[in-house]
Amino acid sequence: MTRQGSVWLGLFLASLGLALLAPRLPAWALDPPDAILLDMSGWVSAGMDWLVNRATFGLFTVKEATRGIAAMIELPYDATRIALVDGITEGRGRRATTIVPPISWIAVITAMVALGIYARNIWLGLLMGVLFAYLAVFGQWESAMVTLASIIIAVPMGVVGGLALGTAAYLSPRFNRAMSPMLDLMQTVPTFAYLVPILFLFGFGPVAALIATVIYAMPPMVRITTMALNAVPAELKEFSLMVGCTGAQRLRKVLLPTALPDLMVGVNQVIMLSLNMVIIASMIGAGGLGFDVLNALRRLDIGKGVEAGVAITVMAVALDRLSQALAKRAGVPDLRNGSWVQRHPKTTLVVAVIVITGLVGLVMPWVQTYPKEAMISTRGFWADLVKNINVNYYDQLESFKNLLLLNVLLPTKRFLLALPWPWVMALVTLAGWQLGRGRLALLCLALTAFLATTGLWEQAMTTVYLCGISVVIAAIIGIPLGILAASNATAGKVIGGFIDTLQTLPSFVYLIPVVMLFRVGDFSAMIAVVLYALAPAVRYAAHGLRSIPSELIEAGTVCGCTRWQVLRRIRLPMALPDIMLGINQTIMLALSMLVITALVGTRDLGQQVYAALATADTGAGVVAGVSVAAIAIIADRLIAAGANRARARLGMTS
Amino acid sequence: MQDRPAKLSPVKLSCRHVWKLYGPNPDRLLANGAAPSLDDIRRSNHVGAVRDVSLEVHEGEIFVIMGLSGSGKSTLVRCLSRLIEPSAGQILFNGQDLLKTSDKDMIEIRRHRMGMVFQHFALLPHLTVLQNVAFPLEIQGIDQKTREVRAREVIGLVGLTGREDYFPRQLSGGQQQRVGIARSLAVEPELWFLDEPFSALDPLIRREMQDEFLRIQQKLKKTIIFITHDFDEAIRLAGRIAIMKDGALVQVATPEELVMAPADDYVAAFTAHVPRAKVVTLGRIMTPGAAAHIAGSLPATTRVEDAADQIEASALPFGVTDDDGQVIGHVTGRAIIDVLIGRADAAANGGQSWGTP
Ligand SMILES: Nc1ncnc2c1ncn2[C@@H]1O[C@H](COP(=O)(O)OP(=O)(O)OP(=O)(O)O)[C@@H](O)[C@H]1O
Ligand SMILES: [Mg+2]
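All of these numbers come straight from a predicted model, not from anything done at the bench.

## Structural notes on the interface of chain B and chain A
Reports of interface size often rely on the accessible area that becomes lost once the parts have come together.
Link 1 in the chain: Counting from both sides, the interface comprises 27 residues of chain B and, opposite them, 17 residues of chain A.
Link 2 in the chain: Regarding the contact of chain B and chain A, the summed buried area is about 2000 Å², with carbon and sulfur atoms giving 67% of it.
Link 3 in the chain: Taken together, the connections running from chain B to chain A amount to 2 salt bridges.
Link 4 in the chain: A salt bridge links Arg78 of chain B to Glu238 of chain A; the shortest N-O distance between them is 2.6 Å.
Link 5 in the chain: Inspection of the chain B/chain A interface yields 7 residue pairs in polar contact (both at pLDDT 80 or more).
Link 6 in the chain: Grouping the amino acids of the side of chain B that touches chain A by side-chain chemistry returns 15 nonpolar, 6 polar and 6 charged.

## Let's talk about the domain arrangement of chain A
All names here are of chain A.
Link 1 in the chain: When cut into domains, chain A gives domain 1 (62-82 + 149-309) and domain 2 (393-409 + 419-649).
Link 2 in the chain: Of note, the centres of domain 1 and domain 2, computed from C-alpha atoms alone, are 25 Å apart.
Link 3 in the chain: Across the contact, 31 residues belong to domain 1 and 30 residues belong to domain 2.
Link 4 in the chain: For the pair domain 1 and domain 2, the two sides together bury roughly 2400 Å², of which 84% comes from carbon and sulfur.
Link 5 in the chain: Counting across the interface, domain 1 meets domain 2 through 0 salt bridges.
Link 6 in the chain: At the surface where domain 1 touches domain 2, the tally comes to 1 residue pair in polar contact (both at pLDDT 80 or more).
Link 7 in the chain: If you tally residues by element for the side of domain 1 that touches domain 2, the top one is helix 9 (residues 191-202), at 8 residues.
Link 8 in the chain: Its residues placed into classes, the side of domain 1 that touches domain 2 shows 22 nonpolar, 7 polar and 2 charged.

## Digging into the environment of Val100 of chain A
Residues and elements named next belong to chain A.
Link 1 in the chain: In this structure, Val100 sits in strand 2 (residues 97-100).
Link 2 in the chain: Val100 sits in the partly exposed class, given a relative accessible area of 40%.
Link 3 in the chain: For the pair Val100 and Thr89, spaced 11 residues apart in sequence, the C-alpha separation works out to 7.0 Å.

## Digging into the side chain of Asn132 of chain B
All names here are of chain B.
Link 1 in the chain: Structurally, Asn132 is set in helix 5 (residues 129-140).
Link 2 in the chain: At 3.0 Å, the side chain of Asn132 forms a polar contact with the backbone nitrogen of Leu124.
Link 3 in the chain: For Asn132, the residues in contact, after removing those within four places along its chain, are Leu123, Leu124, Leu127, Pro168, Val179 and Arg183.

## So, the sheet that holds strand 3 (residues 62-67) of chain B
Residues and elements named next belong to chain B.
Link 1 in the chain: The sheet built from 6 strands is open, its strands ordered 6-7-8-3-9-10 with mixed pairing. Taken across any chain shown, the strands that pair with only one partner, and hence form the sheet edges, are strand 6 (114-117) and strand 10 (248-253). Neighbour-to-neighbour, the strand axes of the sheet open up by a mean angle of 20°, direction not taken into account.
Link 2 in the chain: In this sheet, strand 10 lies alongside strand 9 (residues 240-245) in antiparallel orientation, the contact comprising 5 bridges. The partner of Met244 across the bridge, within strand 10, is Leu249.
Link 3 in the chain: The strands touched by helix 8 (residues 203-220) are strand 3, strand 7 (191-195) and strand 8 (223-227); relative to strand 8, the strand with the most contacts, the crossing angle is about 160°.

Rules of the game
- Residues numbered from 1 in each chain as written.
- Chains lettered and ligands numbered in written order.
- Predicted model: local features only at pLDDT ≥ 70, side-chain atom pairs only at ≥ 80, totals over all residues.
- Heavy atoms only, no water.
- Contact = heavy atoms within 4.5 Å.
- Buried area = accessible area lost by both parts, 1.4 Å probe.
- Salt bridge = Lys/Arg side-chain N within 4 Å of Asp/Glu carboxyl O.
- Polar contact = N/O pair within 3.5 Å; in protein donor to acceptor, adjacent residues only side chain to side chain.
- Nonpolar A, V, L, I, M, F, W, Y, C, P; charged D, E, K, R; others polar.
- Domains from an automatic or database assignment.
- Helix = DSSP H or I, 4+ residues; strand = E, 2+ residues; numbered from the N terminus.
- Buried < 20%, exposed > 50% of the residue type's maximum accessible area, 1.4 Å probe, protein only.
- Pairing = 2+ DSSP bridges.
- Axes fitted to C-alpha atoms, helices over the stretch in contact; angles between N-to-C directions.

And the structure:
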């Protein structure tokens, strides 16, 4: 064993000893004493208070500014809602009469089929039709349309904003340098952390939810835009100068069109992230399918929860396939001629169907709204199914749960919580010193000190415990899956498809089956996190293994290595940096999921955020959110430094 | 090209003491017109991509730049077209200092008077052949009808009529490069830069493209700066060739002079494998003075390769005439054979050795 290795083994044993001694340690060592706590949540609350009530930009106050932004978003959102959900009505409440009905279900489905055909072919069109018909037949139409309306507003905002910022970052390296750490932070700060201040600034409701959604979904678009513009071949850039393009011409006629296929990948990301966030943001008033799930989870109405969860899945699959097809299609120019109607037969058809079904719907209501009598509810089915499973397999499920809980989860939790906080700070700082010397050590020290002074030490350690265990389990499952996927083409396809599906689903969805089977608690939270965070562990491992130069493997084979030896001696060490980055991503996803698992009752930082959300306590929410971010940043930097070192050792330049 | 450099035609583009250094602080190295040595540059962690280059390109000339990979050819051409800002020096286009030209004027000059053909074609993937060729005109703000008429014209010139509605990815490499050439011709530039335009093509298509290029040049008589790696290509096309090494010019001369009188071992090595008959002209191997009886007469600029058959077959020598048609010497079949089989003393006339490395 290397010297480093023995030092760390020694430190681990010392930690174990300290944990065993915990009951005899002084109280100040276990929990940071009140004397060193700082009232950060108080400061944040006061700051926000000042911001909302007194701060001005000179001509107008912050409050007026937020109102203005809200109004700007509300207008198109209301319009979309009118078109898809509400229609134009007169009067309020029960006496409201519809003047113009929303677009009929038949017309929406027709539009989706047309979009599918446009994006790829008749098969995609049929798939879109089936998926949306599912929503109508199984009674999820209205909620789905509310969610769709949010997406329709959030996605263009995210795309346009991302394009603008990404282009600015491409054009101005200074702007890029300023924005890059902000994007980093936005991606490490868990989603919930945005919700609290936004809730405070914009109030409860769809607008706040939309803003949170856009903030969450935009960073990848910014990154992809900058990357795609940078990736435009140098010759094309020189060409644009040589023909005398002005700055605007260069961007509009050369750079953006050439980068379009890459940009569309970003659009797909924005759509999927928006869907994910719109679901989460139902906690601050987004409504729609997310709200249904949330509500069902709160009331433990399993049947309804599953129904809405399946509807979200259906929607996610539909939007993902559609936007991926559109992305592939991008850059295929059209050469149609003839009149507008001739050139746009599908659009014409859709418009016609909207008008006709709208009119016919006035006399035949089933054309307008899918009839209640024909709806199929799966609620009872799911409830029965879960009941059956629980009745018949209760013992097995319970013993499985207890096995892990008693032997793995709880001991780890007890161990971590028993460690004195100065000791943890010292260990993390030492790790920082080992991997990245002074600067990293300093960062680790500062962030752990922050955690110690927030008064949330126990919650932070609970977060570390839950996240850590989930990541270890995700790695134990994911890395072998990745290896398998890389070694065998068929397995690669199957696993790839499985992972793709896992990644398409909004994080909420994972909670439903888990809670059904294992009820609330740490164990359910852990399983949901593992499911959600599994994908990158598999992906990066497979990618790392696949991208090893084939000569290296041939060299091993020529030396007479067995397959196992090739794997252990060549492929795994070479893939190590990638595997580490995969673990890094897994940690990030796990942390962002923790806050959702607060719904199932874990007592960690997520719970703090959730509670703050319920009581609109900005300070507490922000501090808890930033604490999660601090943990994320420590993990991120340590692992990135480790991966870089591994890379340097293998002679690969980063 | 068979023409000697057009010595009499005016200078189109010239550059004086142009430097391009990459590294931490090029300005410091070049402060006050200093001329750092290669060692100075390397020791201070800079890369001397272009070092102290001065040259003149005349109107109607094909000026070829050659050199090993990394010798600074592309960088020089990009400095000349100001795609890269030189670290120091002066670039005169029609007497106007390009480095002092405002961005706005630069756009005007590039729109109307300069063109460039790229090694990897640089076609816009989302536009058809027609739209690609018309693109520079679109940038100039010319209306769609006019620019499409013009685009069809140049597409015809490069032999791609009928493929106007294809997209770049539906064309072969050679066809794509034709589109690149047509596109840069569409604006009728006075000065035409070509950076290894045929290197990405296979030998057969390359040859075909060179013929095409010569045909077009015969018609249009542009001033051309052409980069290539391939000495055969340089010989076929060039009036003069500039050889670069480590960013500096080693020699600027006609192909014949390069072969017959290389400035140093580097140039000699470069030209070692060139068949002499391809570059040596009658003027160099002739015996001065008229012969008593001649079978006919040929210009002094004729290359041995092109006249060999004719002269060798005849019993009598051929007269050699200068640009004005005055007979200035004569060549015999024997002199031709000396060149063809590489007999060393064949060069005795010019007083040089063969310059074998
Ligand atoms: N942006 C840059 N930064 C640093 N060094 C550069 C840069 N661009 C070019 N160089 C260096 O300048 C030198 C000349 O490069 P250039 O591309 O002009 O060579 P070249 O003669 O065109 O080569 P090739 O035949 O391979 O195209 C090279 O040593 C290269 O490494
Ligand atoms: Mg080059």
